[in-house]
Amino acid sequence: MEKLLSIFFIYIFIDNFVLQRFFGVCPFLGVSRKMETAIGMSMAVVFVMTMATLVTWLIYTFVLVPFNLAFLQIVAFILIIASLVQLVEIVLRKISPTLYQGLGIFLPLITTNCAVLAVALLAVRQEFSLLESVIFAIGASLGFSLALVIMAGIRERLELAEMPDVLRGSAVTLITAGILSLAFLGFKGIITL
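Residues numbered from 1 in each chain as written. Predicted model: local features only at pLDDT ≥ 70, side-chain atom pairs only at ≥ 80, totals over all residues. Heavy atoms only, no water.

### Section: the side chain of T37
Quick note on the threshold: Working definition: helices are DSSP H or I runs of at least four residues, strands are E runs of at least two. Numbering for both runs from the N terminus. The contact definition used throughout considers only heavy atoms, calling two residues in contact when any of these lie within 4.5 Å.
Its location among the elements puts T37 in helix α3 (residues 35-64). Aside from chain neighbours lying at most four places away, what touches T37 is V31, L99, G102 and L103.

Have a look at this one:
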């Protein structure tokens, strides 16, 4: 139980995939303009990352390894992730058309979000059990979501702030992301596996 809690909190705060490993920076910067789209993308990433890790772990353990096809893991994992993203896209189009339009191109880009693939690959490479893999995916996706929502809140506030024109837009966004990354670096060493 202690190892599961450690895995969960490490990948939310200490080894955050966006702010410490720099995976998924494209959707992090692209979708963090408004809180509504950041929350919608967060929910989609939590679902896709968790389900992808669960399914890829099962496929890897019970299909690829027994049949000596482990060399196909990246191709298989990408296909699984793409299928799950299509499912999320269909559901969002039906349930919330405004959120679907707000996410725009970034929703199908979850398929190419390297954080989703990295979590699936790391779960099998670190030889986590099924439960540890799911906890790992939930922690990593919640860490991604936390970073995304914090960044969206900051960027909404920065829209109202007075600053030199040279800092507006990408410059202040990248500076803010760097400061946020440094803030999360302060958690290093608190918990270890």
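### Some thoughts on the pattern of salt bridges
Using the following cut-off: When a carboxyl oxygen of Asp or Glu is within 4 Å of a side-chain nitrogen of Lys or Arg, the pair counts as a salt bridge. Relative accessible area decides the class of each residue, using a 1.4 Å probe on protein chains only: under 20% of the type maximum gives buried, over 50% gives exposed, and in between gives partly exposed.
Throughout the structure, instances matching the rule amount to 3 salt bridges. Where E132 meets K3, a salt bridge forms, and the shortest distance between an N and an O atom there is 3.3 Å. Taken together, the residues E132 in helix α7 (residues 130-160) and K3 in helix α1 (residues 2-14) connect sequence positions 129 residues apart. The class of K3 is partly exposed, set by a relative accessible area of 43%.

### Overview of the packing of aromatic side chains
Note the following rule: Geometry of aromatic contacts follows a simple scheme: Phe, Tyr and Trp rings, the Trp one being its six-membered ring, pair when their centres are within 6.5 Å, and the pair is stacked under 30 degrees between planes, edge-to-face over 60, tilted otherwise. For a ring to carry a charge above it, either NZ of a lysine or CZ of an arginine must fall within 6 Å of the ring centroid while also lying within 35 degrees of the normal to the ring plane.
Summed over all chains, the structure comprises 11 aromatic pairs. Centroid distance F9 to F13: 6.4 Å. Interplanar angle 10°. Geometry classified as stacked. Taken together, the residues F9 and F13, both in helix α1 and 4 residues apart, mark about one turn of the helix. For F9, a relative accessible area of 32% translates into the label partly exposed. You can call F13 partly exposed: its relative accessible area is 27%. Seen from their ring centres, W57 and F62 are 6.2 Å apart, and the 80° between their planes marks the pair as edge-to-face. A residue is classified by how much of its surface remains accessible, and F62, at 53% relative accessible area, is exposed. Counting every residue linked through ring pairs, the aromatic cluster contains F8, F9, F13, F184 and F187. Here the guanidinium or amino end of R21 rests over the ring plane of F17, the centre of that ring lying 5.1 Å away.

### Some details on the side chain of S145
With respect to the secondary-structure elements, S145 resides in helix α7. Look at S145 and you get buried, because its relative accessible area is 8%.

### Comments concerning a nonpolar patch on the surface
Formally: Excluding any residue in a salt bridge, patches collect residues exceeding 30% relative accessible area, merging like charges within 9 Å and nonpolar Val, Leu, Ile, Met, Phe, Trp and Tyr side chains within 5 Å. Computed by Shrake-Rupley with a 1.4 Å probe, the accessible areas treat only the displayed protein chains as cover when residues are assessed.
On the surface, F47, L87, V91 and I95 cluster together into a nonpolar patch covering about 360 Å² of accessible area. With 3 residues, helix α4 (residues 73-95) is the largest single contributor of residues to the nonpolar patch. Summarising the element assignment, V91 is placed in helix α4.

### Remarks on unusual backbone geometry
Residues other than glycine predominantly adopt negative phi, and peptide bonds predominantly adopt the trans conformation. Residue N68 is not a glycine yet carries a positive backbone phi of 55°. Its location among the elements puts N68 in the loop between α3 and α4. For N68, a relative accessible area of 63% translates into the label exposed. Even without being glycine, E127 reaches a positive phi, approximately 55°. Within the secondary structure, E127 is located in the loop between α6 (114-125) and α7.

Purely spatial values, then, with no claim about function.
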